[in-house]
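Reading the structure
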Amino acid sequence: MEAAAASTEIIVLGWSVVLLLAQIILQAVSTYDLGPYLLGPRDDNRQSGNVWAGRLKRALENLLETYPAFVALALALAVTGKTGGMAATGAWVWLIARVVYVPLYAFGVPAVRTLAWVVSIVGLLMMLIRLMA
């Protein structure tokens, strides 16, 4: 018996996990200046002096603000069979905007970074509209 092909939304969900892991790894690697402190319980809440570490941490935190909504929408669309069309486009818009957001934040590009965030929200709204239709 052949398995059904995954919807675009589920494929993008898989790629979103790649993005999440990449951001976690980038942020962790950027805190190299904390050395052995990172191996302990981190009770005294030291912060990296590396500007990249702070930016990558904030970019990751920003991803985590919308990530639950993206996951919920992608799964709900798949379960309800409302995949494709505007929902699939919205999923790709969200992911591409989130990928673009990371280097924009890391390099300190303010206005365009905000535009990338807005575009990612538009992607979520496209998915939501399709789900609610």
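Calculation notes
Residues numbered from 1 in each chain as written. Predicted model: local features only at pLDDT ≥ 70, side-chain atom pairs only at ≥ 80, totals over all residues. Heavy atoms only, no water. Helix = DSSP H or I, 4+ residues; strand = E, 2+ residues; numbered from the N terminus. Expected span 1.5 Å × (residues − 1). Buried < 20%, exposed > 50% of the residue type's maximum accessible area, 1.4 Å probe, protein only. Contact = heavy atoms within 4.5 Å. Axes fitted to C-alpha atoms, helices over the stretch in contact; angles between N-to-C directions. Parallel < 35°, antiparallel > 145°, perpendicular 65-115°, else oblique. Left-handed = near helix turned anticlockwise from the far one by under 90°. Phe/Tyr/Trp six-rings, centres within 6.5 Å; stacked < 30°, edge-to-face > 60°. Lys NZ or Arg CZ within 6 Å of the ring centre and 35° of its normal.

Re helix 4 (residues 110–132)
For helix 4, built from 23 residues, the straight-helix expectation of 33 Å at 1.5 Å per residue is met to within 8% by its first-to-last C-alpha distance of 33 Å. Buried within helix 4 are the following residues: Ala 116, Ser 120, Gly 123, Leu 124, Met 126, Met 127 and Leu 131. For helix 4, the secondary structure elements touched by its buried residues are helix 2 (51–80) and helix 3 (85–106).

Some points on the environment of Ala 116
For Ala 116, the position within the fold is in helix 4. Through-space distance from the C-alpha of Ala 116 to that of Trp 92 is 13 Å; in sequence the pair is 24 residues apart.

Structural notes on the packing of helix 1 (residues 8–29) against helix 3
The description of two packed helices rests on the angle between their axes and on the distance between the axes. Close contact between helix 1 and helix 3 brings their axes to 9 Å; oriented N to C, the two are set at 15°. Taken together, the axes of helix 1 and helix 3 lie roughly parallel to each other. As helix 1 packs across helix 3, the resulting crossing turns out to be left-handed. On helix 3, the residues touching Thr 8, Glu 9, Val 12, Trp 15, Ser 16, Leu 19 and Gln 23 of helix 1 are Ala 87, Ala 88, Ala 91, Trp 92, Trp 94, Leu 95, Arg 98, Val 99 and Val 102.

Notes on the packing of aromatic side chains
By the definition in use, this model includes four aromatic pairs. With a centroid separation of 5.0 Å and 90° between ring planes, the pair formed by Trp 52 and Phe 107 is classed as edge-to-face. Here Trp 52, found in helix 2, pairs with Phe 107, found in the loop between helix 3 and helix 4; they are 55 residues apart in sequence, far enough to count as distant. Judged by centre distance (4.1 Å) and plane angle (5°), the ring pair of Phe 70 and Trp 94 falls under stacked. Of this pair, Phe 70 sits in helix 2 while Trp 94 sits in helix 3, and the two are 24 residues apart along the sequence. Of the two residues examined, Phe 70 and Trp 94, each falls in the buried class. Ring pairing ties together the aromatic residues Tyr 67, Phe 70 and Trp 94, which thus form one cluster. Geometry around Tyr 101 places Arg 98 over its ring, the cationic atom sitting 4.5 Å from the centre. Here the guanidinium or amino end of Arg 113 rests over the ring plane of Tyr 105, the centre of that ring lying 4.2 Å away.

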